[in-house]
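Observations on chain architecture
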Amino acid sequence: MLLTYRALKRASLTKKLRITTPNGIDEGSYVRIGGIDQWISIRGEDLSNPVILEIHGGPGASNLIFVPRTRAWERHFTIVRWDMRGAGRTFAAGGPAGQGEMTLDRLYADALEVTEHVRNRLGVAKLLLVANSFGTVTGLRLARNHPELYSAYVGTDQNIIGGGRDTSSSYEALLARLEKAGKKKELAKVVAMGPDHTAWSAHEWSEHAKIAVTTDPLTYDTMKTVVIRSLWFSPFHNLRGLRSYLKGMNFSEQLGPQAMTVDERAEGTSFRLPFFLFQGDSDVLTPPEPARRFHEEVTAPVKDFALIKEASHFASFRHPDQFLDLMLSKVRPVVTGDAAVR
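Residues numbered from 1 in each chain as written. Predicted model: local features only at pLDDT ≥ 70, side-chain atom pairs only at ≥ 80, totals over all residues. Heavy atoms only, no water.

**Points about the overall build of the chain**
Note the following rule: The helix count covers DSSP runs of H or I at least four residues long, the strand count covers runs of E at least two residues long, and both are numbered beginning at the N terminus. Only C-alpha atoms enter the radius of gyration, while the globule expectation follows 2.2 Å times N to the 0.38, with N the number of residues. A 1.4 Å probe rolled over the protein chains alone gives each residue an accessible area, and that area as a share of the maximum for its type sets the label: buried under 20%, exposed over 50%, partly exposed in between.
Of the regular secondary structure elements, the chain holds 14 helices and eight strands. A compact globule built from 342 residues would reach a C-alpha radius of gyration of about 20 Å, and the chain, at 19 Å, matches this within 12%. Principal axes of the C-alpha set define a box for the chain whose edges measure 60 × 55 × 40 Å. Counting over 342 residues, the chain shows a buried share of 55%.

**Here we look at helix α12 (residues 288-297)**
The condition is simple: Our arc is simply the arc of the directions from the helix axis toward the C-beta atoms.
If you check which residues of α12 are buried, you get Pro288, Pro290, Ala291, Phe294 and His295. The arc enclosing the buried residues of α12, seen along the axis, measures out at 165°, which places them on a common side.

**A short note on the pattern of salt bridges**
Keep this limit in mind: By convention in these notes, a salt bridge is any Lys or Arg side-chain nitrogen within 4 Å of a carboxyl oxygen on Asp or Glu.
The tally for this structure, following the rule as stated, stands at 20 salt bridges. We note a salt bridge from Arg43 to Glu74, for which the minimum N-O separation is 2.9 Å. Here Glu74 lies in the loop between β3 (51-55) and β4 (78-82) and Arg43 lies in strand β2 (residues 36-44), a separation of 31 residues in the sequence. The salt bridge involving Glu264 is made with Arg144; its shortest N-O contact spans 3.0 Å. Note that Glu264 is positioned in helix α11 (residues 264-267) and Arg144 in helix α4 (residues 135-145), a separation of 120 residues in sequence. No difference in accessibility class separates Glu264 from Arg144, as the two residues are buried. Connected via shared salt-bridge partners are Asp26, Arg43, Glu45, Glu54, Arg71, Glu74 and Arg81.

**Focus: the pairing of strand β1 (residues 25-33)**
Rule in force here: What makes two strands pair is DSSP finding at least two bridges between them.
Note that β1 and β2 share nine bridges and pair antiparallel. Its bridge partner lying in β2, Val31 is registered against Gln38. The loop that links β1 with its antiparallel partner β2 comprises two residues; one of these, Gly34, has a positive phi angle of about 60°.

**So, the side chain of Asn63**
Rules: Nitrogen and oxygen atoms within 3.5 Å of one another constitute a polar contact, given that in protein one can donate a hydrogen and the other can accept it, and given that sequence-neighbouring residues count only through two side-chain atoms. Two residues form a contact once any of their heavy atoms are found within 4.5 Å.
Positionally, Asn63 belongs in the loop between β3 and β4. A polar side-chain atom of Asn63 sits 3.1 Å from a polar atom in the side chain of Glu54. If we skip the residues at most four places from it in the chain, Asn63 touches Glu54, His56, Arg81, Asn132 and Phe317.

**As for the packing of aromatic side chains**
As a reminder, the rule being used: Under the pairing criterion, centres of Phe, Tyr and Trp rings, with the six-membered ring standing for Trp, must be within 6.5 Å; the plane angle then separates stacked pairs below 30 degrees from edge-to-face pairs above 60, leaving the rest tilted.
Inspection of every chain in the model, using the stated rule, returns 13 aromatic pairs. Aromatic pair Phe276 and Phe278: ring centres 6.1 Å apart, planes at 45°, arrangement tilted. Ring plane angle 80° and centroid distance 6.1 Å describe the contact between Phe278 and Phe323, whose orientation is recorded as edge-to-face. In this pair, Phe278 is assigned in strand β7 (residues 275-280) and Phe323 in helix α14 (residues 320-336), connecting sequence segments 45 residues apart. Like Phe323, Phe278 is buried. Put simply, the rings of Phe66, Trp73, Phe276, Phe278, Phe317 and Phe323 pair up and form one aromatic cluster.

**A word on the sheet that holds β4**
For the record, the criterion: All axes are obtained by fitting lines to C-alpha atoms, using only the stretch in contact for helices, and the reported angles, taken between N-to-C directions, cover 0 to 180 degrees.
Here we have eight strands laid out as an open sheet, ordered β1-β2-β4-β3-β5-β6-β7-β8, and mixed in their pairing. The outermost strands of the open sheet, each flanked by one partner alone, are β1 and β8 (303-308). For this sheet, the mean inter-axis angle between neighbouring strands, taken without regard to orientation, is 20°. Two elements, β2 and β4, share four bridges in a ladder whose sense is antiparallel. Looking at the pairing, Arg43 lines up with Ile79 of β4. Packing of helix α3 (residues 104-122) onto the sheet brings it into contact with β1, β2, β3, β4, β5 (127-132) and β6 (150-156), and relative to β1 it is tilted by some 135°. Packed onto the sheet, α12 meets β7 and β8 and runs at close to 170° relative to β8.

**Observations regarding the packing of helix α6 (residues 184-193) against helix α7 (residues 202-214)**
How we decide: Orientation is classified from the angle alone, with under 35 degrees giving roughly parallel, over 145 giving roughly antiparallel, 65 to 115 giving roughly perpendicular, and any other angle giving oblique. Should the near helix be turned anticlockwise from the far one by less than a right angle, the crossing is termed left-handed; should it be turned clockwise, right-handed. Under the grouping applied here, Gly and all other residues not named as nonpolar or charged are polar, the nonpolar ones being Ala, Val, Leu, Ile, Met, Phe, Trp, Tyr, Cys and Pro and the charged ones Asp, Glu, Lys and Arg.
For the pair α6 and α7, interaxial distance at closest approach is 11 Å and the crossing angle is 140°. Judged on the interaxial angle alone, α7 and α6 are oblique. Like other packed secondary-structure pairs, α6 and α7 cross with a definite hand, here left-handed. For the pair α6 and α7, contact is made by Glu186, Lys189, Val190 and Met193 and by Glu204, Glu207, His208 and Ile211, respectively. A per-class count over the contact of α6 with α7 returns three nonpolar, one polar and four charged.

**Observations regarding unusual backbone geometry**
Glycine aside, residues mostly have negative phi, and peptide bonds are mostly found in the trans state. A cis geometry characterises the amide bond from Gly58 onward to Pro59, with omega recorded as 0°. If you trace the backbone, Pro59 turns up in the loop between β3 and β4. Located in the positive-phi region is Ser133, a residue other than glycine, with phi close to 55°. If you trace the backbone, Ser133 turns up in the loop between β5 and α4. Unlike most non-glycine residues, Phe314 shows phi in positive territory, near 60°. The topology assignment puts Phe314 in the loop between β8 and α13 (315-318). A relative accessible area of 16% means that Phe314 is categorised as buried.

Structural measurements only, silent on function.
What follows is the structure, encoded as structure tokens:
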């Protein structure tokens, strides 16, 4: 019965996702990037719209599962969703042995290759860079170094990493939450990890995230109703694809500790392109205040900061309508020079 309902739901979503407009695009294929085949999807109702390149989070968590939730975005933007090495269909195609070098530097180089591929494929000079969660580490580097390739940077679930010099507000908040809830076993685990993220193993990095997610009611609800539900009903993933998706996330955990050594302020707060941060107002994984403070230090031709209401992590996917409104009222006019779209 459960599988029958899933099949009916997937069929309904597939119908909803059809793009039939004369100037629309709906294509997905493997492209040789960084020496391996990587999956790139391009969807939108009008090719004259700005082109978004999404840099997904996780690590290893492809955004393809969220296409049904973000279908309305495709009326106003052409969206490129790329499954990085270690993620989604890219991981499924090559397996663990076929992912090649798993480093942040390699992901950054891959992103530049994807950028060039999309610019050539669609005949556009610049892409609108939209990064979420773990992807914001790579996203910030792309935005800092290549304003000639990107029309603006939008970060959501934005990570602000201090290279081990900062004590994480999310870590301290997690300790307080566990102590208040009387969760002694989880508290002992987090205390044993210590506040220095740079000293964590891949397993500890992953364990911290899991405990943070499952002990915050809003985040846990979002994980169940938005993330897991989107994965289960994804029209792009059969049952084997679901297993591969989860295996890819586990495989990609090795990238977590690498990111903890990044120092965003040392890498630079000067951006030569419009800069936007849209953060969940109740995010316990990437709290809004560090993102707000970083935003205040940023110099950019245009910059803005906004909160997505009643949202923890995965803010843009829990409230895709709020995120789209921010994109249309704040970002698209800057990118296109047109008036805000409502």
